[in-house]
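Listed below, chain by chain, are the residues.
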Amino acid sequence: MVRNTNMEKLQDLAHTLRIDCVQATEASKSGHPTSCSSMAEIMSVLFFHTMRYKVSAPRDPSSDRFVLSKGHAAPILYAAWAEAGLFPSSELLNLRKFDSDLEGHPTPRLNFVDVGTGSLGQGLSVAAGMAYVGKNYDKASYRVYCLIGDGEAAEGSIWEALHFSSYYKLDNLCAIFDINRLGQSEPTSLQHNMEVYRKRLEAFGFNALVVDGHDVEELAKAFHEAQNTKGRPTAILAKTFKGKNFPEIEDLENWHGKPLGNKANEVIQHLTGLLKNPGPLGLHPQKPLVDDAPLVDITNITLASPPNYKIGEQVATRLAYGTALAKLAKSNPRIIALDGDTKNSTYAEKIKAIDPARFIEGFIAEQNLVGVAIGTACRDRTVAFVSAFATFFTRAFDQIRMGAISQTNVNFVGSHCGVSIGEDGPSQMGLEDIAMFRAIPGSTIFYPSDAVSTERAVELAANTKGICFIRTSRPATAVLYKNDEPLVIGKAKVIKSSTNDQVLVIGAGVTLHEAVKAADELAKVGINIRVIDPFTIKPIDAQTIIKNAKEVGGRIVTVEDHYSQGGLGEAVQSAVALERNIIVKKLAVPNIPRSGPPTVLLENYGISARNIVAAVQEILKY
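The structure reproduced in this document is the subject of the present report. By convention here, each chain's residues receive numbers from 1 onward along its written sequence. This being a predicted model, a pLDDT of at least 70 is required before a residue's local features are given, and a value of 80 or more before pairs of side-chain atoms are given or counted; all residues contribute to the totals for chains, interfaces and linings. Hydrogens and water molecules were not included; the side-chain quantities draw on all heavy atoms of the structure.

### What to know about the side chain of Glu560
Okay, so step 1: Here a strand is any run of E in DSSP of at least two residues, a helix any run of H or I of at least four, and the numbering for each starts at the N terminus. Relative to the elements of secondary structure, Glu560 occurs in strand β18 (residues 555–563).
Okay, so step 2: Although buried, Glu560 forms no salt bridge, and the nearest oppositely charged side chain, Lys586, lies 5.6 Å from it.
Okay, so step 3: Polar contact criterion, stated in full: a pair of N or O atoms within 3.5 Å, where within protein one must be able to donate a hydrogen and the other to accept it, and residues adjacent in sequence count only if both atoms are side-chain atoms. In this structure the side chain of Glu560 is engaged in a polar contact, spanning 2.9 Å, whose partner is the backbone nitrogen of Gly569.
Okay, so step 4: Contacts between residues were defined by any pair of non-hydrogen atoms, one from each residue, lying within 4.5 Å. Among all residues touching Glu560, those that are not within four sequence positions of it are Thr511, Gly567, Leu568, Gly569, Lys586, Leu587, Ala588, Val589 and Ile607. Note on classification: 1.4 Å probe, protein chains only; a residue is buried when its accessible area is under 20% of the maximum for its type, exposed when over 50%, partly exposed between these limits. All tallies of charge rest on Lys and Arg as positive and Asp and Glu as negative; His and the ends of each chain are not included. Each reported salt bridge corresponds to a side-chain nitrogen of Lys or Arg within 4 Å of a carboxyl oxygen of Asp or Glu.

### Considerations on the side chain of Lys493
Okay, so step 1: Structurally, Lys493 can be placed in strand β14 (residues 493–496).
Okay, so step 2: A residue is classified by how much of its surface remains accessible, and Lys493, at 17% relative accessible area, is buried.
Okay, so step 3: Polar contacts involving the side chain of Lys493 include one to the side chain of Glu485, which spans 2.8 Å.
Okay, so step 4: One polar contact links the side chain of Lys493 to the main-chain carbonyl oxygen of Pro486, over a distance of 2.8 Å.
Okay, so step 5: Those residues in contact with Lys493 that lie beyond four places of it in its chain are Tyr481, Glu485, Pro486, Leu487, Val531, Ile532 and Asp533.

### Things to note about the packing of helix α1 (residues 4–28) against helix α9 (residues 264–274)
Okay, so step 1: Axis geometry follows a simple rule: fit a line to the C-alpha atoms, using only the stretch in contact for helices, then measure angles between N-to-C directions, giving values from 0 to 180 degrees. It is the contact of α1 with α9, at a shortest axis distance of 9 Å, that shows an interaxial angle of 165°. Between α1 and α9, the crossing angle belongs to the class labelled roughly antiparallel. In this structure, α1 meets α9 at a crossing whose hand is left-handed. For the pair formed by α1 and α9, the contact residues are Asp12, His15, Arg18, Ile19, Val22, Gln23 and Glu26 on the first element and Ala264, Val267, Ile268, Leu271, Thr272 and Leu274 on the second.
Okay, so step 2: Residues are sorted three ways: Asp, Glu, Lys and Arg are charged, Ala, Val, Leu, Ile, Met, Phe, Trp, Tyr, Cys and Pro are nonpolar, and all the rest, Gly among them, are polar. Counted by class, the contact of α1 with α9 contains seven nonpolar, three polar and three charged residues. These descriptions rest on fixed angle ranges, namely under 35 degrees for roughly parallel, over 145 for roughly antiparallel, 65 to 115 for roughly perpendicular, and the rest for oblique. A crossing counts as left-handed when the near helix is turned anticlockwise from the far one by less than a right angle, and as right-handed when that turn is clockwise.

### Considering the sheet that holds strand β8 (residues 359–361)
Okay, so step 1: Paired strands, in this sense, are two strands between which DSSP finds at least two bridges. Strand order in this open sheet of seven strands is β8-β7-β9-β10-β12-β11-β17, and the pairing throughout is mixed. One side of each edge strand has no neighbouring strand; the edge strands of this open sheet are β8 and β17 (536–538). Looking at each pair of strands side by side, their axes are set apart by 20° on average, direction ignored.
Okay, so step 2: With five bridges joining them, strand β9 (residues 383–389) and strand β10 (residues 411–415) adopt parallel strand pairing. Bridge pairing in β10 links Ser387 to Val413.

### A look at the nonpolar core
Okay, so step 1: Counting 84 residues, the largest nonpolar core has Phe177, Phe393 and Phe412 as its most contacted members.
Okay, so step 2: When residues of this core are assigned to their parent elements, the largest contribution, eight residues, is made by helix α5 (residues 123–136).
Okay, so step 3: What Phe177 contacts, discounting residues up to four positions off in sequence, is Ile148, Ala153, Ile158, Leu162, Leu201, Ala235, Ile236, Leu237 and Ala238.
Okay, so step 4: Throughout this description, the term nonpolar core refers to a set of buried Ala, Val, Leu, Ile, Met, Phe, Trp, Tyr and Cys residues connected via side-chain atoms within 4.5 Å. If you look at the next biggest cluster of nonpolar residues, it comprises 52 residues, including Phe66, Ile176, Ala222 and Ala226.

### Section: the packing of aromatic side chains
Okay, so step 1: Pairing of aromatic rings covers Phe, Tyr and Trp, the last counted by its six-membered ring, and requires centre-to-centre distances within 6.5 Å; plane angles under 30 degrees mean stacked, over 60 mean edge-to-face, and any other angle means tilted. Tallied over the full model, the rule gives 23 aromatic pairs.
Okay, so step 2: Between Tyr145 and Phe223 the ring centres are 5.9 Å apart and the planes differ by 80°, which places this aromatic pair in the edge-to-face class. Placement of Tyr145 in strand β2 (residues 144–149) and of Phe223 in helix α8 (residues 216–227) is noted, with a sequence separation of 78 residues between them. Here Tyr145 and Phe223 have matching classes, each one buried.
Okay, so step 3: Centre to centre, the rings of Tyr167 and Phe363 are 5.2 Å apart; their planes meet at 85°, and the pair counts as edge-to-face. Residue Tyr167 is found in helix α6 (residues 156–167), and its partner Phe363 is found in the loop between β8 and α12 (366–377); the two are separated by 196 residues along the sequence.
Okay, so step 4: Judged by its relative accessible area of 33%, Phe363 is partly exposed.
Okay, so step 5: Put simply, the rings of Phe47, Phe48, Tyr53, Phe66, Tyr78, Trp81, Phe87 and Phe112 pair up and form one aromatic cluster.
Okay, so step 6: Two conditions define a charge sitting above a ring: the NZ of Lys or the CZ of Arg must be within 6 Å of the ring centre, and it must be within 35 degrees of the ring normal. Against the face of Tyr142 rests Arg65, its NZ or CZ located 3.6 Å from the ring centre.

### Points about the environment of Thr346
Okay, so step 1: Within the element layout of this structure, Thr346 appears in helix α11 (residues 343–346).
Okay, so step 2: Once residues within four sequence positions are removed from consideration, Thr346 is found in contact with Arg318, Tyr321, Asp339, Ser387, Ala388, Phe389 and Ser415.
Okay, so step 3: A polar atom in the side chain of Thr346 sits 3.3 Å from the backbone nitrogen of Ala348.

### Focus on the sheet that holds strand β4 (residues 207–212)
Okay, so step 1: In space, the five strands of this open sheet follow the order β1-β2-β3-β5-β4, with parallel pairing throughout. With one partner strand each, in any of the chains shown, β1 (65–68) and β4 form the two edges of the open sheet. The mean inter-strand angle of the sheet, taken between neighbouring strand axes irrespective of direction, is 20°.
Okay, so step 2: Where β1 meets β2, four bridges bridge the pair, whose relative direction is parallel. If you follow Val67 over to β2, its bridge partner there is Cys146.

Given below as structure tokens:
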């Protein structure tokens, strides 16, 4: 039992955090002081009684993790770290200023933030990924805490994460729901129906504890119980009030996301009057860490053995991905793979032959799958490869976008791209995926066309910062490269050329092979074309493309198994946009396709060898 004097101090700290948030949001003339106020006691007990961390090293591998899923309450997170002594409280007055890292929502620009939050409903998935690593790979003592707003609890990704966390018995994870009744524009659907929350969380396999979220002693006991609960995660369901202890504002609508304005001084005066021990609280003793997270080295990762194929051998690039993944796993114990119940189609399951423990089954819940992967990669604990049919990543676009804001290094592998998958039809065909990943800032997009380049793409991705996407195909295609062929990000390969080429054709994946067939057909009628494999779509190798285009008279044909918008063709057009006397003719899937054999679909949607032959003959008229 904690002495009452300590409880009194924690209550004072909660009021101090409230004062900090009011002052910070007044200084910025924007922010969410009422949303911060509802969770002040939770933050006080967590940061100054429960969690173990080093102020001198906020991202120490052995420290407890805290994810503020309710990202708009950033001011109270900043205030907690300031009161802990990380930086002066006066810095809080720079909230939301352009030259301050104390942004409106948390980002890893700050050394105490692991992931960007603010797009609601995502924090618990990330926290689950962190907890999975802590329990199964680091086998360390650190715990993971995630604070969730009751408004964002309407997001399906929260419930995906709850299911995942319970299924994997993540007893080192504690989800805290700040149930303050009010959303942004009206009350939440459940308001303060705590019994419904409790039943739902228990049904999802959590140890569900309903507490008064403004009672520091109840909170301390609940966190203590969470630490001692084995075999399942804990959810603390805290009944709170928005704007707690703000006179004439507490629990009232229409105060979301607003500074207090002319009420600020009155509120600060009231909060100051609630302090039992006015004056500086001073630095607070930290709980010592259990320094048991192992050292991890995820640099200079290589394939355990080089590619081993014969030129012309037919191998699907999705199969080569599985082979490469297993080779990486053999050479580095921190390579892991995640998939959403498609592992026998993406071939991610091949990692299980090396170490079954390094495969994480996410089931059919792609939003959570991506969030968990981002969590596993935090603090450089793993190198994560996430696979699915390329088209299914579109439903997790927001998680991927937030991953970029979070400076994550997750690698995405999308198989079954384009109409070349055949009879499964358009719902299964990745036809928007390149456009989606091209739009992600700092991303690298690999589109390998044979088994050798696929293995090298996987190896390169493992060593590349930022989000990587590797696009793999379902059909078997011929091996083009020698096993020792050097492949580099941003460097294209000339596959076929002669001194009298008249058109440059750029394809990738299955369409590169169609381009080679077209070159053979055209050669029979005396037309020579040059064929380029871009290898990476982002960055695109503008220098090689421009040089070769000029050598063939400025005529380019691009051909891709993707919709016209945002794909290979537009990447090439952007690369040559400032060049005089270069024209580009794009071949791409023009509309929503239908089921059919792959060869029939390639033909009917304008990206087969015959279509390339026709496009070359047409562009020669210009």
